[in-house]
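Spelled out from the first residue to the last, the chains are:
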Amino acid sequence: DTAVSQTPKYLVTQMGNDKSIKCEQNLGHDTMYWYKQDSKKFLKIMFSYNNKELIINETVPNRFSPKSPDKAHLNLHINSLELGDSAVYFCASSLRAGTSAKNIQYFGAGTRLSVL
Amino acid sequence: DQQVKQNSPSLSVQEGRISILNCDYTNSMFDYFLWYKKYPAEGPTFLISISSIKDKNEDGRFTVFLNKSAKHLSLHIVPSQPGDSAVYFCAASARGGGNKLTFGTGTQLKVEL
């Protein structure tokens with residue numbers, strides 16, 4: 001009954017490959033996010049979607065493409081993986097801005113991506 | 001340009017004592033602040049939050065204080081327990097920012113017996 005679940009937990013791949021990370025939430029939230037935690041442990045937002053609509057798109061290479069088939073899912077596809085993409089990627093979800101519980105985001109356990 | 005800073009990468013406290021974790025921010029548009037706790041190999045877990053219209057919020061052993069003029073907030077844990085040992089992240093969001101959270105780099109708290 002995990003609230004925000006990500007798969008896979010670990011992903012090891014070669015440079016140049018294309019990979020996807022999946023995220024699902026069962027909290028009934030309508031906003032979902034992707035964060036990247038780099039080697040310095042700095043957590044930085046990449047994207048957010050509200051009801052399948054992109055609302056935040058930080059300065060992220062266009063090799064990264066989020067896809068939201070419905071409001072309970074937000075997947076991250078990465079093309080032509082590079083060494084610098086190695087990091088832990090966290091998915092999160094929340095109620096939309098303007099609601100009483102705004103900004104309390106619930107995180108998945110993370111996907112550790114290693115690019116060799 | 002780090003808008004949320006946690007200048008102490010680590011803190012060690014004895015069980016039963018008070019733990020004080022500090023956070024500074026530079027963006028005056030931030031109006032909501034949160035603390036998250038993170039264990040190894042897990043995602044951050046929401047702990048407590050405070051709106052900029054308040055200067056204190058308390059939840060059990062956890063209290064967050066906000067000093068807007070100093071752009072500073074702190075998390076107090078009293079009494080500290082060994083299970084509190086984790087990395088604590090301070091985060092902030094701005095009105096109209098689409099729920100974007102800006103995180104600090106975290107403070108590793110170790111509560112010793």
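Here, every reference points to the structure presented above.
Because the structure is a prediction, the values reported are computed rather than measured.

### Concerning the interface of chain A and chain B
Then, number 1: Opposite the 24 residues of chain A that make contact, chain B presents 20 residues.
Then, number 2: Buried area between chain A and chain B, summed over both chains or domains, comes out near 1,700 Å², and the portion from carbon and sulfur atoms is 58%.
Then, number 3: Inspection of the chain A/chain B interface yields 1 salt bridge.
Then, number 4: One salt bridge connects A:E58 with B:K100, and the closest N-O pair in it is separated by 3.1 Å.
Then, number 5: Across the chain A-chain B interface, the total number found is 3 residue pairs in polar contact (both at pLDDT 80 or more).
Then, number 6: Elements supplying a minimum of two residues to the side of chain A that touches chain B: β4 (31-37), β5 (43-50), β6 (53-57) and β9 (87-94) of chain A.
Then, number 7: In the side of chain A that touches chain B, the residues fall into 13 nonpolar, 6 polar and 5 charged.

### Points about the side chain of A:Q25
All names here are of chain A.
Then, number 1: With respect to the helices, strands and loops of the structure, Q25 is situated in strand β3 (residues 19-25).
Then, number 2: What makes Q25 buried here is its relative accessible area of 4%.
Then, number 3: Among the polar contacts listed, one links the side chain of Q25 to the backbone nitrogen of G28, at a separation of 3.3 Å.
Then, number 4: A distance of 2.7 Å separates the side chain of Q25 from the backbone oxygen of H29, its partner in a polar contact.
Then, number 5: The residues touching Q25, leaving out its near neighbours within four places in the chain, are A3, V4, M32, K71, A72 and S93.

### Focus: the state of the cysteines
Residues and elements named next belong to chain B.
Then, number 1: Counted by the stated rule, this structure contains 2 disulfides over all chains.
Then, number 2: Between the sulfur of C23 and that of C90 lies a disulfide, 2.0 Å long from S to S. Residues C23 and C90 are joined through a disulfide that is left-handed, its torsion about the S-S bond being -75°. Residue C23 is located in strand β3 (residues 19-25), and its partner C90 is located in strand β9 (residues 86-94); the two are separated by 67 residues in the primary sequence.
Then, number 3: Using a relative accessible area of 0% as the deciding quantity, one classes C23 as buried.

### Considerations on the sheet that holds strand β1 (residues 4-5) of chain B
All names here are of chain B.
Then, number 1: The strand order across the open sheet built from 5 strands is β1-β3-β8-β7-β6, with neighbouring strands paired in antiparallel fashion. Looking along the sheet, the strands with just one partner apiece sit at the ends: β1 and β6 (56-59).
Then, number 2: Sheet topology places strand β7 (residues 62-67) next to strand β8 (residues 72-77); 6 bridges connect them, and they run antiparallel. By the bridge assignment for β8, N67 is matched with H72.

### Re the environment of B:S74
Residue and element names in this part refer to chain B.
Then, number 1: Its location among the elements puts S74 in strand β8.
Then, number 2: If sequence neighbours within four positions are ignored, S74 has contacts with I20, L21, N22, W35, T63, V64 and F65.
Then, number 3: A polar side-chain atom of S74 sits 3.4 Å from a polar atom in the side chain of H76.

### Concerning the environment of B:G43
Then, number 1: Here B:G43 shows up in the loop between β4 (30-38) and β5 (45-51).
Then, number 2: Excluding residues that lie within four positions of it along the chain, B:G43 makes contacts with A:F90, A:F107, A:G108, A:A109, B:K37 and B:K38.

Cut-offs and rules
- Residues numbered from 1 in each chain as written.
- Chains lettered and ligands numbered in written order.
- Predicted model: local features only at pLDDT ≥ 70, side-chain atom pairs only at ≥ 80, totals over all residues.
- Heavy atoms only, no water.
- Contact = heavy atoms within 4.5 Å.
- Buried area = accessible area lost by both parts, 1.4 Å probe.
- Salt bridge = Lys/Arg side-chain N within 4 Å of Asp/Glu carboxyl O.
- Polar contact = N/O pair within 3.5 Å; in protein donor to acceptor, adjacent residues only side chain to side chain.
- Helix = DSSP H or I, 4+ residues; strand = E, 2+ residues; numbered from the N terminus.
- Nonpolar A, V, L, I, M, F, W, Y, C, P; charged D, E, K, R; others polar.
- Buried < 20%, exposed > 50% of the residue type's maximum accessible area, 1.4 Å probe, protein only.
- Disulfide = S-S within 2.5 Å.
- Pairing = 2+ DSSP bridges.

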